[in-house]
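Listed below, chain by chain, are the residues.
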Amino acid sequence: MTVAAGIGYALIALGPSLSIFVSVISKKPFLILTVLSSTLLWLMSLIALSGIWRGFLPLKTTSWWPYAILILSSIAFQEVLRLLFWKIYKRLEDTLDAFADRVAKPHLFLTDKMLIALAGGLGHGVAHAVFFCISVLTPAFGPATYFVDQCSKVPFFLLSALIALAFVTIHTFSMVIAFNGYAEGNKVDEYFVPIVHVVAGVLTLINLAPGGCTVGIPLLYIVAILTLFHCGRMVWRRLLTENRISLNHS
Amino acid sequence: MDSNAMAQLQRPSTETPTLLDSLGEEIIRIVAPVSICMFLVVILVSILNTGDSSFSVSSIATIAYTETTSDSSWDKFLGALLNSLAFVVVVTVATFVLVLLFYFRCTGFLKIYMGFSAFVVLGFLGGEVFIFLIQHFSTPIDCFTFLLLLCNFAVVGVMAVFMSKMAIIVTQSYLVVIGILVAYWFTMLPEWTTWAMLVAMALYDLAAVLLPIGPLRLLVELAISRDEEIPALVYEARPVNVENLDPRVAVAQRRLWRERRVTENSNLRGDANVNVSNNNALGLGANAELNPGSDSNSNNPSSAGEDAILDSNLGSSTSYGIYSDRNLVRAEEGRVQETNSEITTPLIGHGVNVRIHSRAENVDASDENLMLEGIGLASSGAIKLGLGDFIFYSVLVGRAAMYDFMTVYACYLAIIAGLGITLMLLAFYQKALPALPVSVALGVLFYFLTRLLLEVFVVQCSMNLLMF
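Computed from a prediction, not measured in an experiment: that's the story for all the values here. (Residues numbered from 1 in each chain as written. Chains lettered and ligands numbered in written order. Predicted model: local features only at pLDDT ≥ 70, side-chain atom pairs only at ≥ 80, totals over all residues. Heavy atoms only, no water.)

**Section: the interface of chain A and chain B**
Chain A puts 66 residues into the contact, and the matching count from chain B is 50 residues. Contact between chain A and chain B buries roughly 5500 Å² in total, counting both sides, with carbon and sulfur atoms accounting for 77%. At the junction of chain A and chain B, the tally comes to zero salt bridges. There are six residue pairs in polar contact (both at pLDDT 80 or more) connecting chain A and chain B. Counting residues per element, the ones that place at least two in the side of chain A that touches chain B are α2 (29-53), α3 (65-102), α4 (110-133), α5 (156-184), α6 (187-203) and α7 (213-249) of chain A. No other element matches α2(A), which puts 16 residues into the side of chain A that touches chain B. When its residues are assigned to classes, the side of chain A that touches chain B shows 45 nonpolar, 16 polar and five charged. (Contact = heavy atoms within 4.5 Å. Buried area = accessible area lost by both parts, 1.4 Å probe. Salt bridge = Lys/Arg side-chain N within 4 Å of Asp/Glu carboxyl O. Polar contact = N/O pair within 3.5 Å; in protein donor to acceptor, adjacent residues only side chain to side chain. Helix = DSSP H or I, 4+ residues; strand = E, 2+ residues; numbered from the N terminus. Nonpolar A, V, L, I, M, F, W, Y, C, P; charged D, E, K, R; others polar.)

**Considerations on unusual backbone geometry**
Residues and elements named next belong to chain B. Phi is positive for Arg 105, which is not a glycine, with a value near 60 degrees. With respect to the helices, strands and loops of the structure, Arg 105 is situated in the loop between α5 (73-103) and α6 (107-137). For Arg 105, a relative accessible area of 52% gives the class exposed. Phi at Leu 465 is positive, roughly 60 degrees, even though this residue is not glycine. Mapped onto the secondary structure, Leu 465 falls in the segment after α15 (436-463). (Buried < 20%, exposed > 50% of the residue type's maximum accessible area, 1.4 Å probe, protein only.)

**Here we look at helix α10 (residues 215-226) of chain B**
Residues and elements named next belong to chain B. In this model, α10 (12 residues) spans 16 Å end to end at C-alpha, consistent with the 16 Å of a helix rising 1.5 Å per residue. Pro 215, Leu 216, Leu 219, Val 220, Leu 222, Ala 223, Ile 224 and Arg 226 are the residues of α10 that are buried. A positive phi of about 65 degrees marks Asp 227, the residue just after α10. (Expected span 1.5 Å × (residues − 1).)

**As for the UniProt feature "transmembrane region" (unreviewed entry) in chain B**
Residue and element names in this part refer to chain B. Mapped onto this structure's residue numbering, the UniProt feature "transmembrane region" (unreviewed entry) falls at residues 27-48, 80-104, 116-138, 144-162, 167-186, 192-213, 409-429 and 435-459. Its end C-alpha atoms 29 Å apart, residues 167-186 is made of 95% helix and 0% strand. The span residues 192-213 shows a helical share of 86% and a strand share of 0%, and its end C-alpha atoms are spaced 30 Å apart. (UniProt positions renumbered as here; feature names shortened; annotations may be inferred.)

**Here we look at the nonpolar core**
Soluble globular proteins tend to pack their nonpolar side chains together in the buried interior. Grouped together as the largest cluster of nonpolar side chains are 188 residues, with contacts concentrated most on A:Leu46, A:Phe131, B:Ile178, B:Met201, B:Phe457 and B:Phe468. Of the residues forming this core, the biggest block, 17 residues, is contributed by α5(A). (Core = buried A, V, L, I, M, F, W, Y, C linked by side-chain atoms within 4.5 Å.)

**Details of the pattern of salt bridges**
Using the criterion set out here, one finds nine salt bridges over all chains in the structure. With its nearest N and O atoms 3.1 Å apart, the salt bridge here joins A:Arg82 to A:Glu79. Taken together, the residues span about one helical turn, with A:Arg82 and A:Glu79 both in helix α3 at a distance of three residues. For A:Arg82, a relative accessible area of 3% gives the class buried. A relative accessible area of 10% places A:Glu79 in the buried class. Note that B:Glu25 and B:Arg29 form a salt bridge whose closest N and O atoms lie 3.1 Å from each other.

**As for the UniProt feature "transmembrane region" (unreviewed entry) in chain A**
Residue and element names in this part refer to chain A. As annotated by UniProt and renumbered to match this structure, "transmembrane region" (unreviewed entry) occupies residues 6-25, 30-52, 64-85, 115-137, 157-179, 191-209 and 215-236. Each end of residues 64-85 is marked by a C-alpha atom, and these two atoms are 31 Å apart; helix forms 95% of the span and strand 0%. Along residues 157-179 one finds 100% helix and 0% strand; the C-alpha atoms at either end are 33 Å apart.

Structure, rendered in structure tokens:
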């Protein structure tokens, strides 16, 4: 529906990540590199998944369970990848600390580590939005629009942009929670992230039912807001305890 | 407790600049213009190429075979191979001619030819692209105004690329514009020919830089042995500033590669553009020479002007105009500044001389040329990337844009990853490296993977509003 609508949909999906990028990430070049590499990693995982599933696609069934298997397997793959990402990050952190010693700069602060986790999560979220929403958005720049059967009241592009926005939030902040959980050994945080991911993915299955999107999308947003709050609470607690420790020592 | 805690929460990040603030800055300074070039080519392609692919370009690259849509796949494949072979042969011959001319010290002729090429690209190719845009958007403009603006644009461009007295942002923008124009023209080639040509150029680049008989390597070695510079079109990122570090300390920490001596003209006091820790980490030493005396008026004898030897990491970078001009145009000069300490380090490997030109006002240095093709390091430690690399990356992404935007994003990420890998290899090996092969290989791989595998998967999921 014209260029304005196309840009509007793109901004709905990517607007908050753009503001995070401009305000926080663009100031530090290393974070930009982190965003790019985590985007690349997510893309590679997506290509691997599509390679595995290519033989079965396009699925012509109307039942929901092949899709459920698709989603569950993909989410499992991506969570394993997140663990891998964490291992790589641990090694990188040691290298960076050693390098900081060499150039007489302080080691990475807690805020730095959280920023790296945020950049990693943002990379995942942006990759999701770009590949699931923006890349199918090209027809929206033309003169017409498109509706899907299951949700025939709202243009398809708007729906995918809204879902993408929820997922961007979930991906971005669950990476922070996950890294923190792995660092602290906090079991709650460690399991929170994969569970939330699975729940979010399964919620989108509701969209298969006719009229399901009126239920599915608000529930998805509830999950996203839950992730956001949990992350905020965890970060706040972490920073306070860290500060209290440093205050006690000084 | 809370307000106290809050106040102290702010402290760590604002007090001392941590590692995160400066690490990786030079990489971003090269990735940003490459991204801008690719982005603008994609926009240009998607605006101007809606529908009509009947416009065929006849050039050297289609000399062997003109692809038509009615041929079979095997014919197209063979034709594309022949075309790309012809193209690589022409490029090799032209590079050897360049080496020969350089050997016989015809640098004046080379420079004039390079200036002429830049003018042709900006004036004629640019003019055609502007005319297409005017036709597409139906802008009301008369031909006299257009001609005037175009002439000015081209002349300023030639001056910006050759003379060092312009603001660096103007020079960088003009180089990116030249890259965009040439890349756009290359995307007009037939599809199979484009892909075959990209792969062929990546292989040629690998051979020309790394093999002992490769023309680019010969060129570099000639330049080193003679202490001269090669005329070439090279994009140099702005050197990184390091604040709150005493220049002398900074310099002492730098790992120098090879240098002779840097002379400064009398009122030279550039900013201390020193690449420090970041470069150290990535092994990109800043290469500058430091004079121990702190007086800025030290005049070193020996050639007015300068030499610092740079590590010549030659890369591919020969950019070719579609009419087979070799745009090995003279590059911009180094914006490098001096420092004030003196170091001599043992000569390591190959190096290339670079004239350092200061940005101070009264400089009477002759115009500087940097030579450097492909990926290398300037004397300030800033990374240089040949314009040919810009062009071929953008051609890849532009061709991906002609299929669909999903391939554009995938190829963009692949190319940036390849560029990052090449930069890391550069830091590791510290010698001339071709910038094309890794990125083109990854780009082509991701293009075909996306087109064959990913698209079906994603479209199927999206259409059903299933996401994860």
